[in-house]
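Examination of the molecular architecture
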Amino acid sequence: MTLRQALGEAVRRLAAGGVERPRLEAEVLLGWACSLTRPRLLARLEEELAPAAAGRFWQAIDRRAAGYPLQYLTGHQEFMSLDFKVTPAVLIPRQDTEVVVEAVLERLDPCESYTIADCGTGSGAIALSLAHYLPRARVYATDISPAALTVAQENARKLGLAARVTLLQGDFLAPLRGLKLDALVANPPYIPTAALPGLPADVRSEPRLALDGGPDGLDAYRFLLPGAAGLLRPGGLLALEIGSDQGQAVKDLARAVGAYRNEQVLPDYAGRDRCFLAYRREE
Ligand SMILES: C[S@@+](CC[C@H](N)C(=O)[O-])C[C@H]1O[C@@H](n2cnc3c(N)ncnc32)[C@H](O)[C@@H]1O
């Protein structure tokens, strides 16, 4: 079978499985199975599919058609123009989260030596992007999952950022005790528990620990908002990813803490609530 014929059959299987962009994903998985970039693959479509690559390819196609995430099959996801390793131990970094990272970068000066924390770091997407684009910053990243931290550590090493990013295992803010932060960023779990079974199959393959935000999805904010106030220096920036309908609720929770000013909610590319920002009030 040629690569062109394999692609045709893969597109058919992926489309039957409800994959939205079957041609693109078939090309990505065939390139991955053959260890070829997409442009090289597309230049060799009349060549035969080698038996070893065929085994990997058809197994991946069938798993993808059954709803398993593409990024767990290839082991990669791009975020903030950086390449991140991903495994089923971590949430696949989302474009929505880039809104949060961009909002932070717009408010900080790349020439300054900030101390920054990312709580619930997963693959390290937020922490490592901030460290990359703020080359003088010192970044602390926490996660309760040791398996996630192993992935984040590998990403830190691959991106050449391990010397400025410290990974700490523990409950969101607990490992940060004693630090005075210029910025604290988090993308905590925020899906209401009852909504989890209704999520698409690929999202349900991601760690429950990364998704489950408790009965109303707000458990982590009830904990992070008062706790962060004790770690941020006066004038320090708090940036939290939030669910698409959680803007007002998170603003109300922040105002109830009484330690913040300039609370605002920024939208994502689709115009939905995505990022909560506030500054630690000066005493
Ligand atoms: C929504 S994911 C975000 C991952 C990553 N920051 C990103 O944006 O792609 C939430 C992360 O919080 C971690 N987490 C959940 N509960 C936690 C807790 N109590 N303390 C620390 N981390 C926690 C999960 O393991 C997961 O990695």
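Summarised in this report is the structure supplied together with it. The model shown is predicted, which means the values in this text are computed figures rather than measured ones. (Residues numbered from 1 in each chain as written. Predicted model: local features only at pLDDT ≥ 70, side-chain atom pairs only at ≥ 80, totals over all residues. Heavy atoms only, no water.)

**Observations regarding the environment of Leu 253**
- By the element assignment, Leu 253 lies in helix 12 (residues 247-257).
- A residue is classified by how much of its surface remains accessible, and Leu 253, at 22% relative accessible area, is partly exposed.
- For the pair Leu 253 and Leu 218, spaced 35 residues apart in the sequence, the C-alpha separation amounts to 9.3 Å.
- Other than its neighbours up to four places away in sequence, Leu 253 contacts Leu 218, Tyr 221, Arg 222 and Leu 225. (Helix = DSSP H or I, 4+ residues; strand = E, 2+ residues; numbered from the N terminus. Buried < 20%, exposed > 50% of the residue type's maximum accessible area, 1.4 Å probe, protein only. Contact = heavy atoms within 4.5 Å.)

**Looking at the pairing of strand 3 (residues 115-119)**
- Burial analysis of strand 3 places 5 of its 5 residues in the buried class, the great majority of the element.
- In this fold, strand 3 hands off to helix 7 (residues 125-133), which returns the chain to strand 4 (residues 138-143); that crossover is right-handed.
- As judged from the 4 bridges shared by strand 3 and strand 6 (residues 181-186), these two strands associate in the parallel manner. Residue pairing across strands places Ala 117 opposite Leu 184, the latter belonging to strand 6. (Right-handed = clockwise from strand over helix to strand, strands pointing away. Pairing = 2+ DSSP bridges.)

**Focus: the nonpolar core**
- Counting residues in each nonpolar core, the largest one holds 37 residues, and the members touching the most others are Ile 116 and Leu 130.
- If you look at the next biggest cluster of nonpolar residues, it comprises 29 residues, including Leu 41, Ala 54, Tyr 72 and Ala 148. (Core = buried A, V, L, I, M, F, W, Y, C linked by side-chain atoms within 4.5 Å.)

**Details of the sheet that holds strand 7 (residues 232-241)**
- Pairing within the open sheet is mixed, and its 7 strands lie in the order 5-4-3-6-7-9-8. For this open sheet the edge positions go to strand 5 (165-169) and strand 8 (260-267), each flanked by a neighbour on one side alone. Pairs of neighbouring strands in the sheet enclose a mean axial angle of 15 degrees, with direction left out of account.
- Pairing of strand 6 with strand 7 involves 5 bridges; the strand directions are parallel. (Axes fitted to C-alpha atoms, helices over the stretch in contact; angles between N-to-C directions.)

By themselves, these figures tell us nothing about what the structure is for.
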